[in-house]
Amino acid sequence: MSRISSSWELVKASWGVLLADKELVIFPIISFFASMVVVVTFFLPMLFAGVFDAIFAGGAQVLGLIVGFAFYIFLYFVTFFFNSALVGAAIIRMEGGDPTVGDGLRIAFKHIGSIFGYAVIAATIGLLLRAIAERFGFFARIVVGLIGFAWNIATFLVVPTLVVEGVGPVDGVKRSAALLKKTWGEQLVGYTSIGLIFSLLILGIILVGIALVVVTAVAGLTWLAVGFALLAILALILLGLISSSLNGIFTAAVYQYATTGESKYFDPDTVKNTFKQK
């Protein structure tokens with residue numbers, strides 16, 4: 001099965017789960033608004049207190065680093081928390097249950113300590129890699145990119161491991177890496193399959209939207225141009241929500257297959273073909 005064909009099979013399989021529980025898309029929506037709350041909570045007080053001016057003037061660099069690190073941690077935490085809720089609900093569905101949004105949130109709250117610990121680890125590594133890339137230039141960015149890719153592979157199954165097995169964040173990373181290595185080998189193929197497909201869809205909407213807006217604007221149909229622009233924005237938002245939901249569902253299905261050897265919604269060959277044995 002070709003990579004493109006496998007990608008479509010993965011999307012269709014994930015889509016089947018999402019159709020069975022459409023409310024799963026609520027988790028990315030809540031995550032988005034919660035992230036906006038984090039942004040506002042950190043930046044507005046700093047703006048009005050003149051902290052940004054002090055940082056740019058070189059007088060509060062340590063404070064800037066501390067606040068920046070805290071911001072990253074809480075932003076990561078919000079993302080992982082609601083992704084954990086999504087994965088937990090998806091696993092309930094894959095086991096034959098009928099999950100609600102409340103079920104997913106209860107699962108996430110039950111493991112909130114481990115989720116926060118993993119957010120601290122992920123934020124620390126992310127900031128370190130970013131600092132190295134900015135300090136040492138082009139070649140460092142290449143190395144950092146490779147390290148970041150390896151980290152993403154190693155932590156692919158951390159979230160379902162945390163919420164299903166109840167391990168701590170460090171053990172979750174170790175368990176995730178062990179599951180991937182044990183089941184499919186070390187070289188991941190198709191890791192960005194769903195992301196690639198949705199990136200192409202998003203690009204298509206942007207291009208078509210721009211073309212329609214330009215044509216209608218040149219023709220003097222201002223309101224129609226505005227309508228096309230709003231439709232394109234709504235379509236992009238909807239695609240983003242669906243993509244986030246499908247990624248969470250796929251992660252849950254891969255974890256289920258890795259630990260049980262089967263998955264109700266995913267053809268085992270399709271899941272296996274997402275990875276290539278070394």
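Here, residues in each chain are numbered from 1, in the same order as that chain's written sequence. With pLDDT at 70 or above as the cut-off, local features in this predicted model cover only qualifying residues; side-chain atom pairs require 80 or more to be listed or tallied, and sums for whole chains, interfaces and linings still use all residues. The side-chain numbers reported here are obtained from all heavy atoms of the structure, hydrogens and water having been left aside.

Chemist: Could you give an account of the overall build of the protein chain, with specific residues and numbers?
Modeler: A run of DSSP states H or I qualifies as a helix once it reaches four residues; a run of E qualifies as a strand once it reaches two. Both are numbered from the N-terminal end. Within the protein chain, the regular secondary structure consists of 12 helices and two strands. Out of the 278 residues belonging to the protein chain, those deemed buried represent 40%. Contacts are assigned to residue pairs with any non-hydrogen atoms lying within 4.5 Å of each other. Sequence separation of 24 or more characterises 74% of the internal contacts of the protein chain that already satisfy a separation of 6 or more. Here the protein chain has roughly 15,000 Å² of accessible surface; of this, 71% comes from carbon and sulfur atoms. We call a residue buried when its accessible area falls under 20% of the maximum for its residue type, exposed when it is over 50%, and partly exposed in between, using a 1.4 Å probe and counting protein chains only. Values of accessible area rely on a 1.4 Å probe in the Shrake-Rupley scheme; residue burial ignores everything except the protein chains shown.

Chemist: Let's hear about the side chain of serine 176: which residues, and what values?
Modeler: Within the element layout of this structure, serine 176 appears in helix α9 (residues 169-184). Think of a polar contact as two N or O atoms within 3.5 Å of one another; within protein, one of them needs to be a possible hydrogen donor and the other a possible acceptor, and neighboring residues in sequence only count if both atoms come from side chains. A polar contact of 2.6 Å, which involves the side chain of serine 176, links it to the backbone oxygen of alanine 154. Within the structure, the side chain of serine 176 is placed 2.9 Å from the backbone nitrogen of leucine 157, a separation counted as a polar contact. Aside from chain neighbours lying at most four places away, what touches serine 176 is Ala154, Thr155, Phe156, Leu157, Val158 and Thr161.

Chemist: Would you mind going over the packing of aromatic side chains in detail, with residue names and values included?
Modeler: Aromatic rings from Phe, Tyr and Trp, with only the six-membered ring used for Trp, were paired whenever their centres fell within 6.5 Å, and each pair was classed as stacked if the ring planes differed by under 30 degrees, edge-to-face if by over 60, and tilted otherwise. A full pass over the atoms with the stated rule returns 11 aromatic pairs. Centre to centre, the rings of phenylalanine 71 and tyrosine 72 are 6.3 Å apart; their planes meet at 80°, and the pair counts as edge-to-face. A relative accessible area of 14% means that phenylalanine 71 is categorised as buried. Take tyrosine 72: its relative accessible area is 22%, and that puts it in the partly exposed class. Each member of the aromatic cluster is reached from another via a ring pair, and the members are Phe74, Phe77, Phe81, Phe82, Phe109 and Phe116.

Chemist: For the layout of surface pockets, give the residues involved together with the corresponding values.
Modeler: The computed volume of the largest pocket comes to approximately 1,000 Å³. Thr79, Phe80, Asn83, Ser244 and Asn247 are, among the 35 residues lining the largest pocket, the residues nearest its centre. Every element with two or more residues in the lining of the largest pocket is listed here: α2 (26-48), α4 (61-94), α6 (112-136), α7 (138-154), α8 (158-165) and α11 (222-260). Lining residues are those with an atom within 4 Å of a point, where the points come from a 1 Å grid over the protein atoms alone and group into cavities, where a 1.4 Å probe fits but cannot get out, or pockets, open sets with protein on both sides within 12 Å along at least five of seven lines. Grid points are joined across faces, edges and corners, and a volume is the space filled by probe spheres set on the points.

Chemist: I'd love a proper account of the confidence of the model for the protein chain, names of residues and values included.
Modeler: Of the residues in the protein chain, 79% reach a pLDDT of 70 or more, and the chain-wide mean stands at 82. Across the chain, each position has a pLDDT score giving the predictor's confidence in that residue, from 0 to 100. Between the elements of the protein chain, mean pLDDT differs from a low of 46, seen in strand β1 (residues 187-188), to a high of 94, seen in helix α5 (residues 101-110).

Chemist: Can you lay out the nonpolar core for me, pointing to particular residues and giving the numbers?
Modeler: What makes a nonpolar core is a set of buried Ala, Val, Leu, Ile, Met, Phe, Trp, Tyr and Cys residues whose side-chain atoms join them at distances within 4.5 Å. Counting residues in hydrophobic clusters, the biggest one holds 52 residues, and the most contacted among them are Leu24, Phe27, Phe80, Met94, Leu157, Leu246 and Ile249. Apart from residues no more than four positions distant in its own chain, leucine 24 is found in contact with Val17, Leu18, Leu86, Ala89, Ala90, Ser245 and Ile249.

Chemist: Quick one: what's the story with α6, residue by residue and with numbers?
Modeler: For α6, which comprises 25 residues, the first-to-last C-alpha distance of 36 Å matches the rise-based estimate of 36 Å (1.5 Å per residue) to within 8%. Downstream of α6 by a residue or two, glycine 137 has a phi angle that is positive, lying close to 85°. A helix is expected to reach a length of 1.5 Å times the quantity of its residues less one.

Chemist: Give me the lowdown on the environment of isoleucine 132, citing residues and values where you can.
Modeler: Following the sequence through the fold, isoleucine 132 ends up in helix α6. Its relative accessible area of 39% is what places isoleucine 132 among the partly exposed residues. For the pair isoleucine 132 and valine 143, spaced 11 residues apart in sequence, the C-alpha separation works out to 9.6 Å. Setting aside residues no more than four positions away along its own chain, isoleucine 132 makes contact with Ala140 and Val144.

Chemist: Give me the lowdown on the packing of α8 against α11, citing residues and values where you can.
Modeler: Packed helix pairs are characterised by how far apart their axes lie and by the angle those axes make with each other. For every element, the axis is a line fit to its C-alpha atoms; helices are fit only across the contacting stretch, and the angle between N-to-C directions ranges from 0 to 180 degrees. At their nearest, the axes of α8 and α11 sit 9 Å apart, and the two run at 65° to each other. Between α8 and α11, the crossing angle belongs to the class labelled roughly perpendicular. Here α8 and α11 pass one another in a crossing that is right-handed. Note on element contacts: α11 touches α8 through Thr251, Tyr255 and Thr259, opposite Pro160, Thr161, Val164 and Glu165. Each residue belonging to the contact of α8 with α11 can be placed in one class, and the counts come to three nonpolar, three polar and one charged. Working definition: roughly parallel below 35 degrees, roughly antiparallel above 145 degrees, roughly perpendicular at 65 to 115 degrees, and oblique for all remaining angles. Put simply, a crossing is left-handed when the front helix is turned counterclockwise from the back one by less than a right angle, and right-handed when it is turned clockwise. Gly falls in the polar group here, along with every residue not listed as nonpolar (Ala, Val, Leu, Ile, Met, Phe, Trp, Tyr, Cys, Pro) or charged (Asp, Glu, Lys, Arg).

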